[in-house]
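# Structural overview
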Amino acid sequence: MGRPRGSPGTAPGCWEVAGTLGGHRFPLPAPGPCGAREPLTAAGGFLQASSSFEVKDQSGKICIIADMTVAFSVEYKSNGQKEFAHFFLPQNATVGPQSSCGKGNTSHPLLVLDFGAGHSLSLNFSEHADKYEVEELVFHYNLSDATLFHNSTAGVKRVSHKTIIQAYMGTKYRCISSKQVNMKNVNVTFSNVTLEAYLTNGTFSINKTECADDMVSTTAVVPTTPKQTTSQVPTTTSPVPTVSPSSPAVGKYNVTGPNGTCVLAYMGLQLNITYPKKDEKMGLDVLNFIPHNTTSSGSCNNTSAILNLTFEKTRVIFHFVLNATAEKFFLQGVNVSTTLPSEAKDPRFEASNNSMSELRATVGNSYKCSAEENLQVTDKALVNVFNVQIQVFKIDGDKFGAVEECQLDENNMLIPIIVGAALAGLVLIVLIAYLIGRKRSHAGYQTI
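Residues numbered from 1 in each chain as written. Predicted model: local features only at pLDDT ≥ 70, side-chain atom pairs only at ≥ 80, totals over all residues. Heavy atoms only, no water.

### Points about unusual backbone geometry
To be explicit about the condition: The rule is simple: take the accessible area with a 1.4 Å probe, protein chains only, and divide by the maximum for that residue type; under 20% is buried, over 50% is exposed, in between is partly exposed.
Notably, Asn151 is not glycine yet its phi reads approximately 55°, a positive angle. In this structure Asn151 comes out as exposed when scored by relative accessible area, which is 54%. In this structure, Glu327 takes a positive phi of about 55° despite not being glycine. The exposed category is assigned to Glu327, whose relative accessible area is 51%.

Printed below as a string of structure tokens:
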């Protein structure tokens with residue numbers, strides 16, 4: 001069995017849990033009885049959707065780590081009518097006391113995540129030869145929770161699904177793509193998943209097993225994109241300068257949620273990546289997304305929305321959130337995955353940043369920026385957006401609301417105003433000087 005924590009401030013039988021924010025691990029706030037914790041918030045006072053959890057054995061050795069985003073969609077009856085509840089696994093979910101590292105052939109590793117008013121998600125692991133797998137996924141949900149299921153008192157329900165995740169022993173399972181699991185009246189969608197069971201060194205393995213949806217075909221295709229790669233970029237400690245091919249075409253993308261359109265976006269999209277090559281020099285890869293060859297998907301609830309754009313071998317995922325207090329939406333996270341040229345030391349590239357605060361506007365309005373904006377994912381990855389107009393959550397009739405201009409556009413508008421005012425002032429000064437000079441010249445002559 002796993003080891004219940006007995007340290008001061010933690011009740012016996014409770015489990016240790018750690019979280020991530022912006023790619024960094026940190027201790028969660030001090031737990032209350034049996035792991036109950038204060039909600040963990042990011043800037044603006046809202047819960048993040050991506051969470052990281054650990055299970056330890058009696059000696060304190062970590063045997064399971066899971067870092068993932070999980071979205072739930074549940075069909076239920078409300079006053080006899082069919083309704084749907086949509087929600088995420090919150091970051092303040094706790095690792096339940098039933099969690100275990102397993103014991104030989106008598107029991108298997110088990111991760112149980114408790115959240116809300118009586119809900120839990122369980123991942124039951126097993127191993128076969130050189131692989132381990134999630135043998136069974138179990139979801140318990142409490143229909144008496146009025147915050148999620150309005151006017152329903154049907155009690156706790158249990159649904160399960162067999163074998164959804166499999167990886168080689170000694171590797172972490174990695175899947176950026178959304179993977180939906182369909183059960184009776186319930187859909188569970190996993191995305192941005194990194195997990196590993198049967199750990200030997202207490203942390204994620206360097207090697208990974210990628211899910212099939214993330215794998216890219218190696219079949220040669222004729223390039224159809226303005227993708228440019230520099231063959232020589234000097235290796236220095238300073239950042240490699242970005243290059244700008246022709247600006248990308250503006251695409252129109254949207255995401256539909258349970259209440260209609262929840263993301264409406266017009267923008268040109270460009271990816272800019274610096275990478276080490278096999279010859280130890282640095283390369284630069286620039287990709288323009290072509291709208292008619294780009295597929296969009298996503299999901300949303302009342303406080304969070306995902307826009308997933310896929311173009312050939314490249315995927316960019318935008319994560320928008322709502323600051324309910326300020327009534328503002330903004331871009332909090334960007335996740336990038338692509339395949340680099342064959343000269344790259346590691347052709348598979350991934351990067352993410354979940355602590356951003358970009359493309360901000362009031363709910364009901366749209367954010368607009370004609371100038372190029374650079375969204376820094378990491379020091380090696382930039383997502384550049386052009387002529388962007390975007391609105392999230394409250395969208396009326398699939399049309400943009402009132403426009404809120406970006407600071408760059410406002411600054412660009414000020415320059416011609418200032419220059420025009422200066423020129424007008426100069427003309428006025430010249431005119432006044434001319435009139436004064438003319439008056440003086442007339443004063444020098446006397447009438448005969």
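So that's the structure; there's more coming.
### Brief notes about the nonpolar core
Where we set the bar: The definition of a nonpolar core used throughout is a set of buried Ala, Val, Leu, Ile, Met, Phe, Trp, Tyr and Cys residues joined through side-chain atoms within 4.5 Å. Helix and strand assignments come from DSSP, with helices taken as H or I runs of at least 4 residues and strands as E runs of at least 2, each series counted from the N terminus. A contact between two residues is defined here by any heavy atoms of the two lying within 4.5 Å.
Membership of the largest hydrophobic core comes to 46 residues, with the highest contact counts inside it found for Leu307, Phe318, Phe320, Val334 and Val383. The dominant element in this core, judged by the number of residues it contributes, is strand β17 (residues 260-276), at 8 residues. Ignoring sequence-local partners within four residues, the contact set of Val334 consists of Val316, Ile317, Phe318, Ala351, Ser352, Asn353, Met356, Val377 and Val383.

### So, the pattern of salt bridges
Put simply, the test is: Just to be clear on terms, a salt bridge is a Lys or Arg side-chain nitrogen sitting within 4 Å of an Asp or Glu carboxyl oxygen.
Inspection of every chain in the model, using the stated rule, returns 8 salt bridges. A salt bridge links Arg158 to Glu136; its shortest N-O distance comes to 3.8 Å. One end of the pair, Arg158, is in strand β10 (residues 156-168); the other, Glu136, is in strand β9 (residues 131-142), and 22 residues separate them in sequence. Given a relative accessible area of 18%, Glu136 falls into the buried group. As a salt-bridge pair, Glu350 and Arg174 come within 3.1 Å of each other at their nearest N and O atoms. With Glu350 in strand β23 (residues 348-353) and Arg174 in strand β11 (residues 172-175), the pair connects residues that are 176 residues apart, well separated along the chain. Residue Arg174 is classed as buried on the basis of its relative accessible area, which comes to 11%. The structure contains a network of salt bridges with shared partners spanning Glu136, Arg158 and Lys162.

### What about a nonpolar patch on the surface?
How we decide: By definition, no residue in a patch forms a salt bridge, and every one has over 30% relative accessible area; like charges are joined within 9 Å, nonpolar side chains (Val, Leu, Ile, Met, Phe, Trp, Tyr) within 5 Å. Per-residue and other accessible areas were derived by the Shrake-Rupley procedure at a 1.4 Å probe size, with only the shown protein chains allowed to occlude residues.
Taken together, the side chains of Leu428, Leu431, Ile432, Tyr434, Leu435 and Ile436 define a hydrophobic patch exposed on the protein surface, amounting to about 580 Å² of accessible area. Relative to the elements of secondary structure, Leu435 occurs in helix α1 (residues 407-443). Taking the relative accessible area as the measure of exposure, Leu435 reaches 46% and is therefore partly exposed.

### Considering the state of the cysteines
Threshold: Count a disulfide wherever a pair of cysteine sulfur atoms falls within 2.5 Å.
The full count for this structure, using the stated rule, is 4 disulfides. Between Cys262 and Cys300 runs a disulfide, and the two sulfur atoms are separated by 2.2 Å. Judged by the sign of its S-S torsion, about -95°, the cystine formed by Cys262 and Cys300 is left-handed. Here the residue Cys262 occupies a position in strand β17, and Cys300 occupies one in strand β19 (residues 294-300), the gap between them amounting to 38 residues. No difference in accessibility class separates Cys262 from Cys300, as the two residues are buried.

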